[in-house]
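So the chains spell out like this:
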Amino acid sequence: MVKDRDTLPAGSGAGQLYQFMAAEHARLDELLAQASAGVSAIDTEAYEEFRKALLRHISIEEKILLPVARRRGGGRPLPVAEKLRLDHGALAALMMLAPSGSTFAAVRAVLDVHNRLEEAAGGAYEQCEELLGSELDELLVQCEAAPQVSVSPWVDSPKVVAAAKRVLLRAGYDGSLLNCRRDVPE
Ligand SMILES: [Fe+2]
Ligand SMILES: [Fe+2]
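All of the points below concern the structure found in this document. Here the structure is a predicted model, which is why all the values come from computation and not from measurement.

The helix and strand inventory of the protein stands at 7 helices and 0 strands. Along the protein, helices and strands appear, N-terminal first, in the series α-α-α-α-α-α-α. Looking at the protein as a whole, 33% of its 186 residues qualify as buried.

Here it is in structure tokens:
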């Protein structure tokens, strides 16, 4: 079982799957930082790129990695699979929001916890690598070839913010991360 993230050592990074997925995390971190770096305006192009890349990354994990790990584990999901799915749901809900300082803060808060659970020593990626055995190469090909997912336009509406707060809370995060909506000029 994965422990609290602050007590987790970083994964060894030796495996190919780990390296592929951790490189995607690093690229996502760059795009999020770029989107939110402006002092007078949000880089909406970087944010659009981030949304596409994050939703594709989640799709790879949900449609390829977690199902294969479950099959190779004799039908048992990874111990952390349920938490990862809740986080993926929270991230998908956040991707429906217009870009703002609070959107960025909430996404960052979820990713800080979530990516650690995946990248830590003994975390989801290392567990997947151990389970995959001879299927690893084929799985990497599938991950690399995974298509873009369709991304809906964001919606700047209190209802969508309220829905995102509920999903954040269900996943164990603080819904008040989304309280201040106009904290970065748009
Ligand atoms: Fe994930
Ligand atoms: Fe991930």
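So, on to the nonpolar core. Buried together is how nonpolar side chains tend to be arranged in soluble globular proteins. Ranked by internal contacts, the top residues of the largest apolar core, which has 26 residues, are Ala 90, Leu 91, Leu 94 and Ala 164. Listed by contribution, the elements that provide at least two residues to this core are helix H1 (16–36), helix H2 (44–72), helix H3 (81–94), helix H4 (101–119) and helix H7 (158–170). The contacts of Leu 91, once residues within four sequence positions are left out, are Leu 54, Ile 58, Val 107 and Val 110. Judged by nonpolar contacts, the second largest core, of 15 residues, contains Ile 60, Leu 65, Leu 66 and Ala 69.

Among the structural elements, Pro 79 can be located in the loop between H2 and H3. On the basis of neighbour count, Pro 79 is assigned to the exposed category, with 12 C-beta atoms found within 10 Å. A sequence separation of 45 residues divides Pro 79 from Ala 124, and the C-alpha atoms of the two residues are 8.6 Å apart.

What follows is about the packing of H2 against helix H6 (residues 136–145). Put simply, H2 and H6 touch, their axes get as near as 10 Å, and they point 170° apart. With respect to each other, H2 and H6 are oriented roughly antiparallel. Listed contacts from H6 to Ile 60, Ile 64 and Val 68 of H2 are Leu 139, Gln 142 and Cys 143. For the contact of H2 with H6, the class distribution of residues is 5 nonpolar, 1 polar and no charged.

With that settled, the discussion passes to H2. Between its first and last C-alpha atoms H2 spans 40 Å; for 29 residues at 1.5 Å apiece the expected length is 42 Å, and the two agree. At Glu 61, H2 shows its strongest bend, of approximately 30°. By the burial criterion, the buried members of H2 are Tyr 47, Phe 50, Arg 51, Leu 54, His 57, Ile 58, Ile 60, Glu 61, Leu 65, Leu 66 and Ala 69. On its buried face, H2 is in contact with H1, H3, helix H5 (124–132) and H6.

Examined against the element boundaries, Ala 162 turns out to sit in helix H7. Distance in space between the C-alpha atoms of Ala 162 and Leu 178 is 8.8 Å, their sequence separation being 16 residues.

Let's shift gears to the packing of H1 against H5. It is the contact of H1 with H5, at a shortest axis distance of 8 Å, that shows an interaxial angle of 145°. Of the two elements, H1 crosses H5, and the hand of that crossing is right-handed. Across the interface between the two elements, Leu 17, Tyr 18 and Met 21 of H1 pack against Tyr 125, Glu 126, Cys 128 and Glu 129 of H5. Across the contact of H1 with H5, the residue classes tally to 5 nonpolar, no polar and 2 charged.

Quick notes on the rules
Residues numbered from 1 in each chain as written. Chains lettered and ligands numbered in written order. Predicted model: local features only at pLDDT ≥ 70, side-chain atom pairs only at ≥ 80, totals over all residues. Helix = DSSP H or I, 4+ residues; strand = E, 2+ residues; numbered from the N terminus. Buried ≥ 20, exposed ≤ 12 C-beta atoms within 10 Å, placed from the backbone. Core = buried A, V, L, I, M, F, W, Y, C linked by C-beta atoms within 7 Å. Contact = placed C-beta atoms within 7 Å. Axes fitted to C-alpha atoms, helices over the stretch in contact; angles between N-to-C directions. Parallel < 35°, antiparallel > 145°, perpendicular 65-115°, else oblique. Nonpolar A, V, L, I, M, F, W, Y, C, P; charged D, E, K, R; others polar. Expected span 1.5 Å × (residues − 1). Bend = angle between axes of the 7 residues up to and from the residue. Left-handed = near helix turned anticlockwise from the far one by under 90°.

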